[in-house]
Amino acid sequence: MTAAIKILHLEDDPCDAELVKSALSEDGIVADIHLVNSRDSFINSLEKGGYDIILSDYSLPGFDGLSALNIATAQYSDIPFIFISGKMGEELAIDTLKSGATDYVLKNSLSRLGPSVKRALKETCERQERRRAVEELEISHEELRNLAAHLQSVREEERLKIAREIHDELGQILTALKLDLNYVQGKLPADQQVLQEKMQSDIALVDEYIQSVKRICNELRPGLLDHLGIEAALEWQAEEFQRRTGIKCRVSFSPDSLDIDIDRATALFRIFQEALTNVIKHAEATTVTARLSERDNSIIFEIADNGIGISEENMRKANSFGLLGMRERVRMWDGQLSIGNEGTGTTISILIPRDNKIP
Ligand SMILES: Nc1ncnc2c1ncn2[C@@H]1O[C@H](COP(=O)(O)OP(=O)(O)O)[C@@H](O)[C@H]1O
Ligand SMILES: [Mg+2]
């Protein structure tokens, strides 16, 4: 058996109330109707709560349906409200709908009441389900965002750890090996030409390994970022980029030193790296100019290239995680990222507030 629908019925005429009751039961609606006939009893009942629907007469002695509607919509907008009136012109009917009533039924055509109640309840149910779905979606977005932020920081920590281990372990072994080889070379008789040359090339090889280890460590996590700050790290990255690609790359700072904490610095640095990777992969540019500055307690970072520019369509490509990753990093601080493609080339503009914390 389905549960009875709880109805709050505002009506001063007991006969009309009876007619409404039988119209509902004729339509197979099992209803638990609470009849009220004054402002106070209407408000008291609403406050007690638990109603699925409100039915209301339009004109009552000492109170009126429109005021009842206003009270109901102000605080209980989820409960459908249907007017049942003896006389209601079309204009007035439309006004009541505009004021938030769900429907209106004339007392001389009560056969419409059942279907109207059923439709109102169905719509409320659907609206609540939609709202629940939206809420769930928002929660799951929030969770995903937190997970992304967490993964970023775990990844950064991991990189730092690996960079340190490689540097400490491999770096030390290679340095010791180089010292040993130098020692052995010094002991080799000068007339052992072949051995001398072999030793020389081994020492050069070890030197190369030492350089590789440094490069790998720097790529994993530039020591400059931790030791000398974002300015030095960005400059180093720009030089590296220019050396590797031949694309001119300049970074400027205003003021010269910005005093940015390590978490924001890491985010800005990774965004710069991603933007430069995009320049190599997509831009067909010959220059990149980046500028780090501050305004109104926010950090502004702009990276512009003079390449082919990004189309709207390319900005939203599926399986493109570079731009998405940049957006997420910026969002972690309630910052903003915009991509400009007016004129020539692409400009990525980022704003990060200075005084909030990572979630
Ligand atoms: N600097 C740029 N110049 C021109 N197009 C770009 C630039 N950066 C990104 N794009 C376009 O935007 C798309 C999305 O970039 P991204 O999210 O980094 O993904 P991916 O680099 O993996 O393709 C790229 O595929 C490219 O078409
Ligand atoms: Mg990319």
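No experiment lies behind these values; they were computed from the predicted model shown. (Residues numbered from 1 in each chain as written. Chains lettered and ligands numbered in written order. Predicted model: local features only at pLDDT ≥ 70, side-chain atom pairs only at ≥ 80, totals over all residues.)

Draft legend 1. Quick peek at the overall build of the protein. The helix and strand tally for the protein stands at 11 helices and 12 strands. Taking 21 Å as the expected radius of gyration for a compact globule of 359 residues, we find that the protein reaches 37 Å, considerably beyond that expectation. Each principal axis of the C-alpha atoms in the protein carries an extent, and together these give about 125 × 50 × 35 Å. Within the protein, buried positions represent 25% of all 359 residues. For the protein, contacts bridging at least 24 residues in sequence account for 66% of all contacts bridging at least 6. (Helix = DSSP H or I, 4+ residues; strand = E, 2+ residues; numbered from the N terminus. Rg over C-alpha atoms; globule rule 2.2 N^0.38 Å. Buried ≥ 20, exposed ≤ 12 C-beta atoms within 10 Å, placed from the backbone. Contact = placed C-beta atoms within 7 Å.)

Draft legend 2. Focus on the site of ligand 1. What surrounds ligand 1 is a group of 19 residues, the closest being Asn278, Ala283, Asn314, Ser320 and Gly322. At 5 residues, helix α9 (residues 262-283) tops the list of elements feeding residues into the shell around ligand 1. A class-by-class count of the residues in the shell around ligand 1 yields 8 nonpolar, 8 polar and 3 charged. (Near = placed C-beta within 6 Å. Nonpolar A, V, L, I, M, F, W, Y, C, P; charged D, E, K, R; others polar.)

Draft legend 3. Highlighting the packing of helix α1 (residues 14-26) against helix α5 (residues 113-187). Across the interface, α1 lies against α5 with an axial gap of 8 Å and an inter-helix angle of 70°. With respect to α5, the axis of α1 lies roughly perpendicular. Counting all contacts with α1, which are made through Val20, Ala23, Leu24 and Glu26, the residues of α5 involved are Leu113, Gly114 and Val117. (Axes fitted to C-alpha atoms, helices over the stretch in contact; angles between N-to-C directions. Parallel < 35°, antiparallel > 145°, perpendicular 65-115°, else oblique.)

Draft legend 4. View of the sheet that holds strand β11 (residues 336-340). Strand order in the open sheet made by the 5 strands is β8-β9-β10-β12-β11, with mixed pairing throughout. The sheet is open, and its two edges are formed by β8 (248-254) and β11, each paired on a single side. Across the sheet, the axes of successive neighbouring strands diverge by a mean angle of 10°, strand direction being ignored. By the bridge criterion, 7 bridges tie strand β10 (residues 298-305) to strand β12 (residues 347-353) in an arrangement that is antiparallel. Paired with glutamate 302 across the strands is serine 349, a residue of β12. Relative to the sheet, helix α8 (residues 230-245) contacts β8 and β9 (287-295), its axis offset from that of β8 by approximately 165°. Where helix α11 (residues 322-331) meets the sheet, its contacts fall on β11 and β12, and the angle it forms with β11 comes to roughly 145°. (Pairing = 2+ DSSP bridges.)

Draft legend 5. Structural view of the packing of α5 against helix α6 (residues 193-220). Contact geometry of α5 with α6 gives a least axis separation of 9 Å together with a crossing angle of 165°. The angle between α5 and α6 falls in the class roughly antiparallel. Both α5 and α6 take part in a crossing whose hand is left-handed. Class assignment of the residues belonging to the contact of α5 with α6 gives a composition of 17 nonpolar, 5 polar and 4 charged. (Left-handed = near helix turned anticlockwise from the far one by under 90°.)

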